[in-house]
Amino acid sequence: MDIRLDGKRALVTGASSGLGVHFAAVLAEAGAHVTLAARRIERVQGEAEALRKRGCSADAAALDVTSPEGVAGFFEAAPAFDILINNAGISGSGAAIDMPLEEFQSVLDTNLTGAFAVAQAAARAMKASGGGSIVNIASILGIRVSGHVSAYCASKAALVQLTKALALEWARHDIRVNALCPGYIETPINADFFASEPGRALITRIPQRRLGKPSDLDLPLLLFASDQSAYMTGSVLAVDGGHLVSGL
Ligand code: NAI
């Protein structure tokens, strides 16, 4: 089944690099008008321009998800979106015992509070316009844990639970909220790590013995974004080559 998003308006946060750029392209190629948002306006402008050159419909906006004023100002000026991809995220790493509280807080601010602020603002407009679909990009680290990423694990676990809580409250407004939990996906930012000895060792622990490709997320993303999944809300979908079911 071909999943099309013609006539839909989509917002992708953190669309200046990695998966955000990829998600924006997937939605735009399926026919949606996509707004690419991130802190660095020049980066998202460049990505939107590249999409337009490919015949897609896209524009760009500056948006820092940790700024309540910034989020409010953005949504005041923006049209209602049918689709929100809550993708902006930071990892934060280091041993928990040494982690400065500010660093822990900043991961929560971006990955949890930021995602909530954008979802809330988008949902207010969706409620008025008849509904929509929110896709929170969580992680398998929101379900299981790994060392030296305690703040990230906590933030993504909270995002998974937030997804369910918002799905419950907003179903009556025809707003669906689902979470996509990618496993380890190869992007330019982590390519060096996965080429290293510890990176290669990690790959051997993935049952499929390979990293994910951004394209492995395309169909799950489109499914959640589109009306084809009209009866799915509060769902948490792992796309991880079996990593979550690896043997203990
Ligand atoms: P990335 O670092 O390339 O992308 C994150 C994006 O979020 C960047 O564009 C960054 O500028 C943006 N961002 C950070 N703070 C922001 C803020 N305050 N306001 C607006 N934008 C902000 O990393 P990647 O890999 O593309 O990750 C995208 C999402 O996917 C993240 O939420 C990440 O946690 C999640 N994810 C990634 C996996 C992977 O293997 N690459 C696996 C599981 C989840």
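Attention in this report is confined to the structure presented alongside it. Note that this is a predicted model, so its numbers are computed, not measured.

1. Some thoughts on the environment of Arg209
Right, so step 1: As for its placement among the helices and strands, Arg209 is situated in the loop between helix 7 (197-204) and helix 8 (218-225).
Right, so step 2: Along the sequence, Arg209 and Gly242 sit 33 residues apart, while their C-alpha atoms lie 9.4 Å from each other.
Right, so step 3: Leaving out residues up to four positions away in the same chain, Arg209 has contacts with Ile203 and Thr204.
Right, so step 4: From its side chain, Arg209 meets the backbone oxygen of Thr204 in a polar contact 2.9 Å long.

2. A short note on helix 2 (residues 41-53)
Right, so step 1: The terminal C-alpha atoms of helix 2 lie 18 Å apart, and with 13 residues this matches the ideal 18 Å at 1.5 Å per residue to within 8%.
Right, so step 2: Buried-residue contacts for helix 2 involve helix 1 (18-29), strand 2 (33-38) and strand 3 (57-62).
Right, so step 3: One or two positions beyond helix 2, positive phi appears at Gly55, with a value near 90°.

3. Examining the packing of aromatic side chains
Right, so step 1: Within this structure, the stated rule accounts for five aromatic pairs.
Right, so step 2: A centroid spacing of 5.0 Å and a plane angle of 65° characterise the contact between Phe193 and Phe194, whose relative ring orientation is edge-to-face.
Right, so step 3: Taking the relative accessible area as the measure of exposure, Phe194 reaches 6% and is therefore buried.
Right, so step 4: In textbook terms, an aromatic cluster arises when at least three aromatic residues are bridged by ring pairs, as seen for Phe74, Phe75 and Phe81.

4. A few points about the site of the ligand
Right, so step 1: What surrounds the ligand is a group of 26 residues, the closest being Ser16, Ser17, Leu19, Asn87 and Tyr152.
Right, so step 2: Side-chain polar atom of Asp64 to a nitrogen atom of the ligand: 2.8 Å apart, as the coordinates give it.
Right, so step 3: Between the ligand and Tyr152, the relevant distance is 2.5 Å, taken from an oxygen atom to a side-chain nitrogen or oxygen of the residue.
Right, so step 4: In the complex, the protein chains occlude 90% of the 820 Å² of accessible area that the ligand would expose alone.
Right, so step 5: At the level of elements, helix 1 and helix 5 (150-170) are the ones that each hand at least two residues to the shell around the ligand.
Right, so step 6: Looking at the shell around the ligand, its residues break down into 12 nonpolar, 10 polar and four charged.

5. Some points on unusual backbone geometry
Right, so step 1: Here His148, not a glycine, exhibits a phi torsion of approximately 70°, which is positive.
Right, so step 2: Counting through the fold element by element, His148 comes out in the loop between strand 5 (132-137) and helix 5.
Right, so step 3: Residues other than glycine seldom take positive phi values, yet Asp174 does so here, at roughly 60°.
Right, so step 4: With respect to the helices, strands and loops of the structure, Asp174 is situated in the loop between helix 5 and strand 6 (175-182).
Right, so step 5: Here Asp174 falls in the exposed class, since its relative accessible area comes to 56%.

6. What to know about the packing of helix 1 against helix 8
Right, so step 1: At a minimum axis separation of 10 Å, helix 1 and helix 8 run at an interaxial angle of 60°. Taken as axis vectors, helix 1 and helix 8 run oblique relative to one another. Our pair here, helix 1 against helix 8, has a crossing hand that is right-handed. On helix 8, the residues that touch His22, Phe23, Val26 and Leu27 of helix 1 are Asp218, Leu221, Leu222 and Ala225.
Right, so step 2: Of the residues contributing to the contact of helix 1 with helix 8, the split by class is six nonpolar, one polar and one charged.

7. Quick word on the side chain of Asn87
Right, so step 1: Topologically, Asn87 is positioned in the loop between strand 4 (83-86) and helix 4 (101-129).
Right, so step 2: Polar side-chain contacts of Asn87 include one of 3.1 Å to the backbone oxygen of Gly14.
Right, so step 3: What Asn87 contacts, discounting residues up to four positions off in sequence, is Val12, Thr13, Gly14, Leu19, Gly20, Phe23 and Ile137.

8. Section: the environment of Phe81
Right, so step 1: Here Phe81 lies in the loop between helix 3 (68-77) and strand 4.
Right, so step 2: C-alpha separation for the pair Phe81 and Ala10, spaced 71 residues apart in sequence, amounts to 5.6 Å.
Right, so step 3: Setting aside residues up to four positions removed in sequence, Phe81 forms contacts with Arg9, Ala10, Leu11, Thr35, Phe74, Phe75 and Met126.

9. What about the packing of helix 4 against helix 5?
Axis angle and axis distance: for two packed helices, these are the angle between their axes and the distance between the axes, and together they describe the pair.
Right, so step 1: The geometry of helix 4 relative to helix 5 is characterised by a closest axis approach of 9 Å and an angle of 20° between their N-to-C directions. Judged on the interaxial angle alone, helix 5 and helix 4 are roughly parallel. For the crossing formed where helix 4 meets helix 5, the hand is right-handed. Across the interface between the two elements, Phe104, Val107, Leu108, Asn111, Leu112, Ala115, Phe116, Ala119, Gln120 and Ala123 from helix 4 touch Ala151, Tyr152, Ala154, Ser155, Lys156, Ala158, Leu159, Leu162, Leu166 and Trp170 from helix 5.
Right, so step 2: Partitioned by chemical class, the residues of the contact of helix 4 with helix 5 number 16 nonpolar, three polar and one charged.

The rules behind the values
- Residues numbered from 1 in each chain as written.
- Predicted model: local features only at pLDDT ≥ 70, side-chain atom pairs only at ≥ 80, totals over all residues.
- Heavy atoms only, no water.
- Helix = DSSP H or I, 4+ residues; strand = E, 2+ residues; numbered from the N terminus.
- Contact = heavy atoms within 4.5 Å.
- Polar contact = N/O pair within 3.5 Å; in protein donor to acceptor, adjacent residues only side chain to side chain.
- Expected span 1.5 Å × (residues − 1).
- Phe/Tyr/Trp six-rings, centres within 6.5 Å; stacked < 30°, edge-to-face > 60°.
- Buried < 20%, exposed > 50% of the residue type's maximum accessible area, 1.4 Å probe, protein only.
- Near = heavy atom within 4 Å.
- Areas by Shrake-Rupley, 256 points an atom, 1.4 Å probe, with all protein chains shown as cover.
- Nonpolar A, V, L, I, M, F, W, Y, C, P; charged D, E, K, R; others polar.
- Axes fitted to C-alpha atoms, helices over the stretch in contact; angles between N-to-C directions.
- Parallel < 35°, antiparallel > 145°, perpendicular 65-115°, else oblique.
- Left-handed = near helix turned anticlockwise from the far one by under 90°.

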